[in-house]
Amino acid sequence: VDPALVRIVFTALAYAGLQISFFTYIVAYLIDDFAYTLVAAGLALSMANFGGIFGRVFWGWVADRTRAPGTVLGLLGLAMAATAVATASFGTNWPVWGVLVVCLIFGITAVGWNGVLISETARLAPASMAGQVSGGTTFMMFFGVVFYPPTFSILHGAFESYRVPFMLFAMP
């Protein structure tokens, strides 16, 4: 087993888990903890989605231009972690525009990684197995999608805080 492919699989699982957890809980977090209206919290979620549209195209272009998709993925992970920590640090003193900027950056990074990761998976796979390896990686990636949100919910319930799971999910 190629260690680079193993790292890709765990990267995909962690990135997908953080991505889906943010999208699952950001609206509730803003409403419950900061009394945002549904419209204002929805705008924050929309900013993240908008950022994702830009991020998918931009990060693919950057990975192609630099010929360093692994580095791009690593830097995206650091940026995702930073935005998850920033999300956990939201407070009543944060201006709405600040929250919206963090959500936008989260979307640019936490949604923009997918294409780079799948293309890197195909590149690392043995030539005759690019489809199978990419499909297997995507299959494993969805374990993050399936298991992170309920784990987030359990942590939220145990600590009565959205901040703790955002901080913990930033770590991987």
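Peer 1: Got a minute to help me understand the packing of helix α1 (residues 3-34) against helix α7 (residues 163-170) in this structure?
Peer 2: When two helices pack together, their arrangement is given by the angle between the helix axes and by the axis-to-axis distance. One way to put it is that α1 packs onto α7 with a least axis distance of 10 Å and a crossing angle of 155°. Overall, the two elements α1 and α7 adopt an arrangement that is roughly antiparallel. By crossing handedness, the relation of α1 to α7 is classed as left-handed. Counted together, Leu18, Ser21, Phe22, Tyr29 and Phe34 of α1 and Arg163, Phe166 and Phe169 of α7 form the full contact between these two elements. Of the residues in the contact of α1 with α7, the class split is 6 nonpolar, 1 polar and 1 charged.

Peer 1: Can you help me understand unusual backbone geometry in this one?
Peer 2: Note: most residues except glycine have negative phi, and most peptide bonds are trans. Notably, Ala35 is not glycine yet its phi reads approximately 55°, a positive angle. The topology assignment puts Ala35 in the loop between α1 and α2 (38-66). Take Ala35: its relative accessible area is 65%, and that puts it in the exposed class. With a phi close to 55°, Arg67 is a non-glycine residue in the positive phi region.

Peer 1: Can you help me understand a nonpolar patch on the surface in this one?
Peer 2: Judged by side-chain polarity, Phe139, Met140, Phe143, Val146 and Phe147 come together as a nonpolar surface patch covering roughly 470 Å² of accessible area. Tracing the chain through its elements places Met140 in helix α6 (residues 130-159). Since its relative accessible area comes to 31%, Met140 is described here as partly exposed.

Peer 1: What exactly am I supposed to notice about the packing of aromatic side chains here?
Peer 2: We describe a pair of aromatic rings using the distance from one ring centre to the other and the angle between the two ring planes. By the definition in use, this model includes 19 aromatic pairs. Geometrically, the ring pair formed by Phe143 and Phe147 is stacked, given 5.8 Å between the ring centres and 5° between the ring planes. With a gap of 4 residues between them, Phe143 and Phe147 both fall in helix α6, about one helical turn apart. Since its relative accessible area comes to 47%, Phe147 is described here as partly exposed.

Peer 1: Where do I start with the nonpolar core in this structure?
Peer 2: Within soluble globular proteins, side chains that are nonpolar tend to cluster in buried spots. Core analysis: the biggest nonpolar cluster contains 49 residues, and Ile26, Leu30, Phe90 and Trp113 have the highest contact counts within it. Of all the elements in the fold, those that place two or more residues in this core are α1, α2, α3 (69-88), α4 (96-110), α5 (114-124), α6 and α7. At 14 residues, the largest contribution of residues to this core is made by α1. Once you skip the residues sitting within four places of it in the chain, Phe90 turns out to touch Ile26, Tyr29, Leu30, Phe34, Val99, Val102 and Arg163.

Calculation criteria
- In this convention, every chain numbers its residues from 1, walking through the sequence in written order.
- Reporting in this predicted model follows two pLDDT cut-offs: at least 70 for local features of residues, and 80 or more for side-chain atom pairs to be given and counted; totals over whole chains, interfaces and linings ignore these cut-offs and use all residues.
- Just so you know, side-chain values use all the structure's heavy atoms and leave hydrogens and water out.
- Axis angles are defined between N-to-C directions and span 0 to 180 degrees, where every axis is a line fitted to C-alpha atoms and, for a helix, only to the segment in contact.
- The numbering of helices and of strands both runs from the N terminus, where a helix is a DSSP run of H or I of at least 4 residues and a strand a run of E of at least 2.
- Orientation labels follow simple angle bins: below 35 degrees gives roughly parallel, above 145 gives roughly antiparallel, 65 to 115 gives roughly perpendicular, and whatever is left gives oblique.
- In this scheme the crossing of two helices becomes right-handed for a clockwise turn of the near helix relative to the far one and left-handed for an anticlockwise turn of less than a right angle.
- When checking whether two residues touch, look at their non-hydrogen atoms; a contact exists if any pair is within 4.5 Å.
- For this classification, Asp, Glu, Lys and Arg are treated as charged, while Ala, Val, Leu, Ile, Met, Phe, Trp, Tyr, Cys and Pro are nonpolar and the rest, including Gly, are polar.
- Burial status follows relative accessibility: with a 1.4 Å probe on protein chains alone, a residue under 20% of its type maximum counts as buried, one over 50% as exposed, and anything between as partly exposed.
- In this analysis, a patch consists of residues with relative accessible area above 30% that form no salt bridge, clustered at 9 Å for like charges and at 5 Å for the nonpolar side chains Val, Leu, Ile, Met, Phe, Trp and Tyr.
- Accessible surface area values rest on a Shrake-Rupley calculation with a 1.4 Å probe, where residue burial reflects the displayed protein chains alone.
- Throughout this description, the term salt bridge denotes a Lys or Arg side-chain nitrogen within 4 Å of a carboxyl oxygen of Asp or Glu.
- For this analysis, a ring pair means two rings from Phe, Tyr or Trp (six-membered ring only for Trp) whose centres lie within 6.5 Å, classed as stacked if their planes differ by under 30 degrees, edge-to-face if by over 60, and tilted for the remaining angles.
- Note on terminology: a nonpolar core comprises buried Ala, Val, Leu, Ile, Met, Phe, Trp, Tyr and Cys residues joined through side-chain atoms within 4.5 Å.

Treat this as a map of the structure, not an account of what it does.
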